[in-house]
Amino acid sequence: MKVKIRQWSGVASWSWVANDENCGICRMPFNGCCPDCKVPGDDCPLVWGQCSHCFHMHCILKWLNSQQVQQQCPMCRQEWKFKE
Amino acid sequence: MEEMVVELNSGEPSAPGSDQGVAKAWESVTAALVSPGSSLSEQDRLNLALLCSHGLGRLLGVWLLESLQVRLSSSVVPEFWSGLEQPQDQLEERDRAGVLLSAFQTLLDRLDPFLSGLEQLGAWQAEGRCGLSGPGPGALQDRAFTTIRALLLFSPPTVLQQRVLEFYSRTFSVYMSREGGEDGPEVLEGPDGGACPGCRAPALHCWCPEALQRLQQLSLALSRLQLLEWVSAEAVTAILHRLIEQRMEQHCRGEYERSFLLDFQEWLELVLGWLGKVFATEGGGAAPVPMDPSVPSTPSACGSPVLKQWRCHMHQFFCRIYVNMRIEELFSIIRDFPESKPAIEDLKFCLERTNQRQQLLTSLKSAFESRLLHPGVHTSDILTVYISAIKALRELDPSMVILQVACQPIRKYLRTREDTVRQIVAGLTGDAEACSDLASELSRGDPVTLEMQDSDDEGNDPEDWAPDPTDAVPDKLGSKRRSSDIISLLVSIYGSKEIFIDEYRTVLADRLLHQLNYNTAREIRNVELLKLRFGESHMHYCEVMLKDMADSRRINSHIREEESKLSEEEQPPLALSAIVLSSEFWPTLKEEKLELPAAVCHAMEAYTRRYEKLKAMRTLSWKPHLGSVTLDLELEDRTLTNLTVSPFHAAIILHFQEKSSWTLEELSVKLGAPKELLHRKLALWQQQGVLREEAAGRYVVMETGATRDRLDRGVMLIDSDEERDSNTTTQSEQREEKLQLFWAYIQAMLTNLDSMTLERIHTMLRMFVATGPVVTEMDVNELEAFLQRKVREHQLIVSTGIYRLPKTS
């Protein structure tokens, strides 16, 4: 017997490769989106800092904008630098 | 001059002769009174004056009534009854009618002297002649008639009623056939053929005119005796009742698509003509209605108060009978609704005139319960009837109270059915044929948003406000909130739209996952329509799901493109496409363990790598059991092409490619799936004649010998068991999960607060668990049931309504 597969339609779910489940700022899941967004994924990406913490991009930007003096990671208080 | 005479008379018969003179005078006066037609002679006048002077004037009236009474009870009444009963049954109907008439006429003849005597005496009294005083003719006669009625009809034998009924029925049918309005079954025989349509006698012996003649005479006699109302009313009422009922049975029963109000209005006018004859002489005074039956007598007769009263009665009868019949049939009317609208409108008209709402409610409720709400009826059928009921009853009662009250059992029952929400959603999305109304209802022009109905808007014009009917259920919701919108009513069966939207999400997920192409046009339309009703925010998850589909298509074509750039040998062995989900936004998908064959796994890994390259920092986790596979099977003597199966089935058959014989155990290990499940899945291939089960759980490929010619047919192979909608967990499973989530909260609360009442727990839960897609409104009852279960499982202790955790040992 020979089986010839014409088409295999699979189902998969995507997830961020992150070391945590939830965003430390908004407490929403990374795989969801920040409170201001409606659509996850491309429209509400994650960003990583050099301290290896990651957040929803919108969340960390909001945080950084609200910091007057020094821009720190809200988790470890190190200076925030985007990871390249 | 009068007084002179009186004085003279009083003076003349002095002491010894005076008694005798008075006696004489009494006799002569009374004789004159009861002798019909004689006017008072001069002598009588003197006698009368004499009597009056002796103060006997008052006694005249009493005597007259007394002798009337004696006469009545001694001879007249027995004569009347024997005259009526004497011939018994031997007689023809026609003769019986004659007997009836003559009995009354004899009665009239016998009593006439007294009546005229009374009239005369009354006239004297009224004139105050000879110092005579008394209540006047009216009162005297009233008393006389009361006496007659009392003696005659104190305990009338049934024969009178029978005769009267018979006679009136006959004259009625004669009249109706004369007036030409009646097209009952009588006409079928034809006027020439044999029986006259009116009197049912052979045409030669038709006595229709005679019957009408007699009717008039009888009416005259009765009204002269002031017995008309007493003798006829009952019979007439009975006849009218029977006839309206009959006519309604013949014309209206089971016939809902035509309005009968006007028909009956006309017919009732005709009947009124007959009533005009029955009560002709009473209302119309002395002038009898012209007897020529061809001249419609209605206009002249209608005016009298008696007829007006009867007209009212008749309308009342009609409405009542009609309502009774329709109430009985209401279930069927509702079932046929859009076609049965005329019946509903008629019923509405009549119901406003009778006080039968309560009866309607009770009967409709029990009809629902006995005919609809039992396990043998499919949920979609119940929904269909419910939808019809909504449509029909909102016509019937714009205040929606009937709808609300009568359909309460349906709603309650639907709540107990597992698949209600699924059916409603299927109806909304146009999947179910049965509830196709829902889809059109959804796409209707002016959707009433659920938000809007929640607002406290009390309507536009305060002048239009009407109080609720008395049978309204007193609840927090005012009449304004009593919605008539079908979708909102259905959605509110469960009390909250969240459950409903959750279910919709599940259905949508199923539909999307079963799609092989990424065509979502219809789903997008549905979601847009639902958004109009439920508001943007509630449909947000569904929107993300649809967007996932679109994104998946883009990703797929991108990856395809990448692959096509590769050289020949690097081409992937398997054409894999994927639907990539945003797991947070999709309903919980059923987990099933399945190890796919290596080739497929490789393909998936390759796909994942390309995805990771496309979307930085993101990866895929595959749901091996979801999706679908299209494959061809080449066996030695036949080829099965274009089979579409689930990945599970595909994995099974792929293994048989390597080795043509497997035991259940081996396969189970290989696929990482439990044996029971595997066994079920294998059945499909057995059905297709591809595999054969040998002894000891061993399956082999049937390379040859299968007789079935399933060649070249693209078939969608679906398991016989629940495969179709098994991708998502069922409603009750999800609910159970949610309750478990609540249990954690409850335990925490009870640990901190020691003991709590049911209400307290409920409010606390509502406060804590307030957001997210998984939260459903849980009502107190449900919570109580859940807590009771925990109590039974000894995880909770309850005493006097206070819950606490058991002391940890």
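Right, let's walk through the structure included here. (Residues numbered from 1 in each chain as written. Chains lettered and ligands numbered in written order. Predicted model: local features only at pLDDT ≥ 70, side-chain atom pairs only at ≥ 80, totals over all residues. Heavy atoms only, no water.)

## Remarks on the sheet that holds strand β6 (residues 698-701) of chain B
Residues and elements named next belong to chain B.
Inference 1: The strand order across the open sheet formed by three strands is β4-β6-β5, and the pairing between neighbours is antiparallel. Of all strands in the sheet, those with a lone pairing partner are β4 (661-663) and β5 (691-694), marking the two edges. Mean inter-strand twist for the sheet, computed between neighbouring axes without regard to direction, equals 25°.
Inference 2: Sheet strands in contact with helix α27 (residues 647-658) are β4, β5 and β6, and its direction is about 125° off that of β4.
Inference 3: Against the sheet, helix α29 (residues 675-687) makes contact with β5 and β6, and its axis sits at roughly 125° relative to β5, the strand it touches most. (Pairing = 2+ DSSP bridges. Helix = DSSP H or I, 4+ residues; strand = E, 2+ residues; numbered from the N terminus. Axes fitted to C-alpha atoms, helices over the stretch in contact; angles between N-to-C directions. Contact = heavy atoms within 4.5 Å.)

## A few points about the packing of aromatic side chains
Inference 1: For the structure shown, the criterion picks out nine aromatic pairs over all chains.
Inference 2: Between Y541(B) and F585(B), the aromatic rings sit 5.1 Å apart at their centres with planes inclined by 40°, giving tilted as the arrangement. Taken together, the residues span a long stretch of sequence, with Y541(B) in helix α25 (residues 540-565) and F585(B) in the loop between β1 (576-582) and α26 (598-614) at a distance of 44 residues.
Inference 3: Of the residues examined, F585(B) reaches a relative accessible area of 5% and is grouped as buried.
Inference 4: Every member of this aromatic cluster is reached through a ring pair, and the members are W14(A), W16(A) and W48(A).
Inference 5: The lysine or arginine in question, R618(B), covers the ring of W16(A), its NZ or CZ lying 4.9 Å from the ring centre. (Phe/Tyr/Trp six-rings, centres within 6.5 Å; stacked < 30°, edge-to-face > 60°. Buried < 20%, exposed > 50% of the residue type's maximum accessible area, 1.4 Å probe, protein only. Lys NZ or Arg CZ within 6 Å of the ring centre and 35° of its normal.)

## Comments concerning the pattern of salt bridges
Opposite charge on two side chains makes pairing possible when the charged atoms of those side chains draw close.
Inference 1: Counted under the stated rule, the structure contains 23 salt bridges over all chains.
Inference 2: D502(B) is the salt-bridge partner of R505(B), the closest N and O atoms lying 3.9 Å from each other. Of the two residues, R505(B) and D502(B) are both situated in helix α23 (residues 497-513); the distance of three residues between them amounts to about one turn of the helix. Accessibility classification places R505(B) together with D502(B) in one group, the buried group.
Inference 3: For E562(B), the salt bridge identified is with K565(B), shortest N-O distance 3.9 Å. Taken together, the positions of E562(B) and K565(B), both in helix α25 and three residues apart, correspond to about one turn of that helix.
Inference 4: What you see here is one network of salt bridges that share partners, running through D43(A), K547(B), D551(B) and R554(B). (Salt bridge = Lys/Arg side-chain N within 4 Å of Asp/Glu carboxyl O.)

## Describing the nonpolar core
Residues and elements named next belong to chain B.
Inference 1: The biggest cluster of nonpolar side chains holds 161 residues, and the ones touching the most others in it are F104, Y168, W274, L275, F318 and F368.
Inference 2: The element contributing the most residues to this core is helix α13 (residues 305-335), with 16 residues.
Inference 3: Each of domain 1 (29-155) and domain 2 (420-452 + 480-550) contributes no fewer than three residues to this core.
Inference 4: Contacts of W274, omitting those with residues within four sequence positions, involve Y168, T171, F172, Y175, L215, V236 and I239. (Core = buried A, V, L, I, M, F, W, Y, C linked by side-chain atoms within 4.5 Å. Domains from an automatic or database assignment.)

## Focus: the sheet that holds strand β9 (residues 797-799) of chain B
Residue and element names in this part refer to chain B.
Inference 1: With antiparallel pairing, the three strands of this open sheet are ordered in space as β8-β10-β9. Two strands bound the open sheet, and with one partner strand each, they are β8 (755-757) and β9. Neighbour-to-neighbour, the strand axes of this sheet turn through a mean angle of 30°, independent of strand direction.
Inference 2: Here β9 runs beside strand β10 (residues 802-804); their pairing, made up of three bridges, is antiparallel.

## Some words on the interface of chain A and chain B
Inference 1: Contact residues are listed per partner, giving 28 residues for chain A and 52 residues for chain B.
Inference 2: Summed over the three residues of chain A that lose the most area to chain B, namely M1(A), W8(A) and V11(A), the buried surface amounts to 26% of that side.
Inference 3: For the salt bridge of K615(B) with D42(A), the shortest nitrogen-to-oxygen distance reads 2.4 Å.
Inference 4: Connecting chain A to chain B are 23 residue pairs in polar contact (both at pLDDT 80 or more).
Inference 5: The biggest single contributor to the side of chain A that touches chain B is strand β1 (residues 2-16) of chain A, with 15 residues.
Inference 6: Bridging between β1(A) and β1(B) involves seven bridges; their strand directions are parallel. Across the sheet, the residue bridging to W8(A) is L576(B), located in β1(B). (Buried area = accessible area lost by both parts, 1.4 Å probe. Polar contact = N/O pair within 3.5 Å; in protein donor to acceptor, adjacent residues only side chain to side chain.)

## A closer look at the pairing of β6(B)
Residue and element names in this part refer to chain B.
Inference 1: Strand direction decides the pairing type here: β4 and β6, joined by three bridges, are antiparallel. Looking at the pairing, W662 lines up with Y699 of β6.
Inference 2: Both β5 and β6 contribute to a ladder of four bridges, which runs antiparallel. By the bridge assignment, E694 is partnered in β6 with R698.

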